[in-house]
Amino acid sequence: MTNRKNLLLSITILLLTTVVVGIFGIVPFPEYKTSLNKDVTGKIIYFSEIQSKNIIPPAPDIIDSCLFEINLDENPLKETVIICRSDLSKYSYEIYFFDAQLTNNNEVLIRYWSDSKNSESILLINIETKKVTESNENLQSRSSYKVNSQGERILDYWEGRNPNSRNISLYYQKDNEVIEVFSETAPTNYYFESSNWSQSGKNIVALDSEGQIILFSKNKTYQPTKLIYEELKHGDQDDSRIVSVIGWRD
Amino acid sequence: MDKNTKKLLQKWLENNLISQESFNKIFEFENNSIPTQKSKIARAITLIGSLFVLSGLLGTLPLIWMNLAYWAQLLLLIIITGFLFYAASYSEKFEEKFRFIFKSSERVSSILFLISTISFGAVIAFTLNIVNQTNILDINDDIAIIIVSFSVFGYAAYLYQRTEMVFQHIAFFYSLIFLLGSIGNTIFSNIEPWAGGLFLVSVGFIWGLYTYSNTLKPSWLGYFLSSTTISIGTIILVTDLVGDNVLLEIILLILGSVILVWASIQLSEQIIFFVGGLGLVVNLPRLITELLPDNIWPPLILLLIGGVLVAVGLYLNTIRENLLSSND
């Protein structure tokens, strides 16, 4: 077989493959609304890591970790810092932002490792004043934030999804009943990384695998909405990545 | 002189295949080409010294790397790449009797060229990173990866065309996969896993085609890269599309393995037989377990199938060798 024939055959195979993949192998991401419904109010609180932008060694370093908030009543939406790990270094260097919880007193509860007590302890951060207080309360269960005031629990994405299906869903469970909040065709590798109830128990905030914050209404009173907001600048060489959504104070 | 070579020479001499004069010439040549005891000691000392230098470098570089400015890191990478390329080109010209540690000077230059390919990729990636940091250009990550993969592919293709050696063949193949993968990822960012498998099957098939037409050498390596890539692609494709139906999945994988075994016989290429045979060895017991759950027979059947496969493999190989020797 001549080289020209080989070349033609190779190009044909690659083009055919590309056409087949282009037609059947691509599942579009779900489309979300971007304009907020009037019923959507309050503040979204989430945890982000600030990383350096290096591509090759030294690999990206985590420069700091912070809790951010977005006030849904503002226009345009923009993120603001609540508190960073670097602000809490006098308490400990082991601050656990990933399972922070909202309390009913306009505060964020953060667990940390106290060297002096040699045990896990709690810090309460007031969202408005940013004032930090140490708490002597007993530690709440880490999974309690998955259940709202009506006793409804958000199912984790792997609980309600067939791993091979081209579908993304969000469910919550009430007693023995599983109720669907959202279901849409989506690529196999698309999922919700974390999700939380709003304090009213009527809304859900979720972080998807594309790093987008999505708002859902439990009763489908409005369509799922993607938050478009102005990101804070973290210096020329740094970037931020949302790790998890902490909650929605509405 | 090597004992086996000496025995062989004596056997040839006794059977009048070579003259006494030729025997003496070969004997003298072989004796001069192997290292003396003194040179062995010198080699050992140099080898130990080189190991110290290497461990010292490996220990020191990470420590100073973090303290170097970006431009200094880039300069260091460029110097390392240039040095590796020069050393590989220089070692290509070595006469065999000057070879050191490695079995041939070809292998030395092949390994040095391979390391220089990795270092070259790092230079391109680092240059793009610095350009981004200085805000001269704003190149997004996808485009940066395409530029890096295209440059590495070009360099690997040049080295393969120049040397046609094993490591350059491997680097050429995987740099092509890297390039196609990065382009595919940019065009189809949310591609389904089966589509990725289909791309692998296509690339493996194309590689096999070029090996078949003797464009790619050595043929065993071309067929090995081709058959393994086709196998991996098929596994991804089948698992993703029919993963819910385990029986169908296993049957399709067995069918694929049988096709590889058939191709190995058609092409008289052992390496494809091994890849296909491995597929059968893995999937036939899975099929038996699927058909006969909780049965004590599967281990015994596994043993029987394994025995049959080994016997068939050896038998096919014998036939092939017989055919080749009769052709000669």
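Small disclaimer: the values here were computed from a predicted structure and weren't measured.

Participant: Before we go on, may I ask you to explain the overall build of chain B in this structure?
Facilitator: A tally of regular secondary structure across chain B gives twelve helices and zero strands. Order of helices (α) and strands (β) in chain B, N terminus to C terminus: α-α-α-α-α-α-α-α-α-α-α-α. Per-residue burial for chain B yields a buried fraction of 27% across its 328 residues. Taking as baseline every contact in chain B between residues at least 6 positions apart, the subset at least 24 positions apart corresponds to 61%.

Participant: I would appreciate a short explanation of the sheet that holds strand 4 (residues 95-102) of chain A in the present structure.
Facilitator: Strand-to-strand pairing in sheets goes through backbone hydrogen bonds, with the strands running parallel or antiparallel. All names here are of chain A. The antiparallel open sheet is built from four strands, whose spatial order is 4-5-6-7. Two strands lie at the open edges of the sheet, namely strand 4 and strand 7 (132-135), each paired on one side alone. Adjacent strand axes in the sheet meet at a mean angle of 30° when their direction is disregarded. The sheet contact formed by strand 6 (residues 119-126) and strand 7 spans four bridges and is antiparallel. Looking at the pairing, Ile122 lines up with Ser135 of strand 7.

Participant: Help me understand the sheet that holds strand 9 (residues 167-174) of chain A, please; the structure alone is not making it clear to me.
Facilitator: Residues and elements named next belong to chain A. In space, the three strands of this open sheet follow the order 8-9-10, with antiparallel pairing throughout. Each end of this open sheet is capped by a strand with a single partner; those strands are strand 8 (153-154) and strand 10 (177-185). As paired elements, strand 8 and strand 9 share two bridges and run antiparallel to each other. Its bridge partner being in strand 9, Ile154 is matched across the sheet by Tyr172.

Participant: Honestly, the pairing of strand 2 (residues 62-71) of chain A in this entry has me stumped. Any pointers?
Facilitator: Where a strand is regular, its side chains alternate between the two sheet faces. Residues and elements named next belong to chain A. Note: strand 1 (residues 43-52) against strand 2, nine bridges, orientation antiparallel. For Glu49, the partnering residue across the bridge sits in strand 2 and is Ser65. Bridge count for strand 2 against strand 3 (residues 79-84) is five bridges, and the pairing is antiparallel. Paired with Cys66 across the two strands is Cys84, which belongs to strand 3.

Participant: Mind showing me how you'd approach the pairing of strand 5 (residues 107-114) of chain A here?
Facilitator: All names here are of chain A. Pairing of strand 4 with strand 5, which is carried by four bridges, proceeds in the antiparallel orientation. Within the sheet, the bridge partner assigned to Tyr96 lies in strand 5 and is Arg111. Count of turn residues in the strand 4/strand 5 antiparallel hairpin: four residues, of which Asn106 carries a positive phi of about 60°. Bridge analysis of strand 5 against strand 6 gives eight bridges, and the strand direction is antiparallel. The partner of Arg111 across the bridge, within strand 6, is Ile122. Here strand 5 folds back onto strand 6 in antiparallel fashion, the turn holding four residues, of which Asn118 has a positive phi close to 55°.

Participant: Help me out: how do you make sense of the environment of Glu177 of chain A in this one?
Facilitator: Residue and element names in this part refer to chain A. Along the polypeptide, Glu177 turns up in strand 10. Of the residues examined, Glu177 has 8 C-beta atoms within 10 Å and is grouped as exposed. For the pair Glu177 and His234, spaced 57 residues apart in sequence, the C-alpha to C-alpha distance is 45 Å.

Participant: Help me understand the packing of helix 6 (residues 141-163) of chain B against helix 7 (residues 166-187) of chain B, please; the structure alone is not making it clear to me.
Facilitator: Residues and elements named next belong to chain B. Close contact between helix 6 and helix 7 brings their axes to 8 Å; oriented N to C, the two are set at 155°. Classified by the angle their axes make, helix 6 and helix 7 are roughly antiparallel. Regarding helix 6 and helix 7, the two cross each other, and that crossing is left-handed. Contacts between helix 6 and helix 7 involve Asp142, Ile145, Ile146, Ser149, Phe150, Val152, Phe153, Ala156, Ala157, Leu159, Tyr160 and Thr163 from the first element and Gln168, His169, Ala171, Phe172, Ser175, Leu176, Phe178, Leu179, Ser182, Ile183, Asn185 and Thr186 from the second. The residue inventory of the contact of helix 6 with helix 7, partitioned by class, reads 15 nonpolar, eight polar and one charged.

Quick notes on the rules
- Residues numbered from 1 in each chain as written.
- Chains lettered and ligands numbered in written order.
- Predicted model: local features only at pLDDT ≥ 70, side-chain atom pairs only at ≥ 80, totals over all residues.
- Helix = DSSP H or I, 4+ residues; strand = E, 2+ residues; numbered from the N terminus.
- Buried ≥ 20, exposed ≤ 12 C-beta atoms within 10 Å, placed from the backbone.
- Contact = placed C-beta atoms within 7 Å.
- Pairing = 2+ DSSP bridges.
- Axes fitted to C-alpha atoms, helices over the stretch in contact; angles between N-to-C directions.
- Parallel < 35°, antiparallel > 145°, perpendicular 65-115°, else oblique.
- Left-handed = near helix turned anticlockwise from the far one by under 90°.
- Nonpolar A, V, L, I, M, F, W, Y, C, P; charged D, E, K, R; others polar.

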